[in-house]
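What follows is the residue order along each chain.
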Amino acid sequence: MKNLIKLLINSKSSIDFETASDFGHIQHNGKNWSIFFNAQCVHTSKTLQPVLNKLQKLGINEQNILFD
């Protein structure tokens, strides 16, 4: 999941994800990582590992990532 996020964030400003009933996105502004889930910011951090931990707690995995 880490490599996928790093790869996608280089080509897009945000990475969308979706579960059966929820949606959100991950974004990186060059300084901080943020997770928005159901239109609310649920996590921010300076490094990627805490983002991966939060995504795991939310039940988000590679199958939930939306590719445009």
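Criteria and cut-off values
- Residues numbered from 1 in each chain as written.
- Predicted model: local features only at pLDDT ≥ 70, side-chain atom pairs only at ≥ 80, totals over all residues.
- Heavy atoms only, no water.
- Pairing = 2+ DSSP bridges.
- Helix = DSSP H or I, 4+ residues; strand = E, 2+ residues; numbered from the N terminus.
- Axes fitted to C-alpha atoms, helices over the stretch in contact; angles between N-to-C directions.
- Core = buried A, V, L, I, M, F, W, Y, C linked by side-chain atoms within 4.5 Å.
- Buried < 20%, exposed > 50% of the residue type's maximum accessible area, 1.4 Å probe, protein only.
- Contact = heavy atoms within 4.5 Å.
- Arc of directions from axis to C-beta.

(A) Main features of the sheet that holds strand β3 (residues 33-37). Judged by pairing direction, the sheet is antiparallel, and its four strands sit side by side in the order β1-β2-β3-β4 without closing on themselves. Either end of the sheet is taken by a strand with one partner, and the two such strands are β1 (14-18) and β4 (40-45). The sheet shows a mean angle of 20° between the axes of neighbouring strands, taken without regard to direction. Sheet topology places β3 next to β4; five bridges connect them, and they run antiparallel. Following the sheet pairing, I35 is matched in β4 by H43.

(B) A look at the pairing of β1. The sheet contact formed by β1 and strand β2 (residues 23-28) spans five bridges and is antiparallel. If you follow S14 over to β2, its bridge partner there is Q27. Connecting the antiparallel pair β1 and β2 is a turn made up of four residues.

(C) Spotlight on unusual backbone geometry. Positive phi, close to 55°, is recorded for N38, a residue that is not glycine. Of note, N38 is situated in the loop between β3 and β4. Residue A39 is not a glycine yet carries a positive backbone phi of 65°. Structurally, the position occupied by A39 is in the loop between β3 and β4.

(D) Layout of the nonpolar core. With 16 residues, the main nonpolar core has I5, I15, F17, I26, W33, V51 and L55 as its most contacted residues. At the level of secondary structure, the elements contributing two or more residues to this core comprise α1 (2-11), β1, β3 and α2 (48-58). Setting aside residues no more than four positions away along its own chain, V51 makes contact with I26, W33, I35, H43 and S45.

(E) A look at α2. Buried residues of α2: L48, V51, L52 and L55, and no others. An end-on view of α2 places all buried positions within 100° of arc, on one side of the element. Residues of α2 that are exposed and point over 90 degrees away from its buried face: Q56 and K57. Just past α2, the residue G59 takes up positive phi, approximately 80°.

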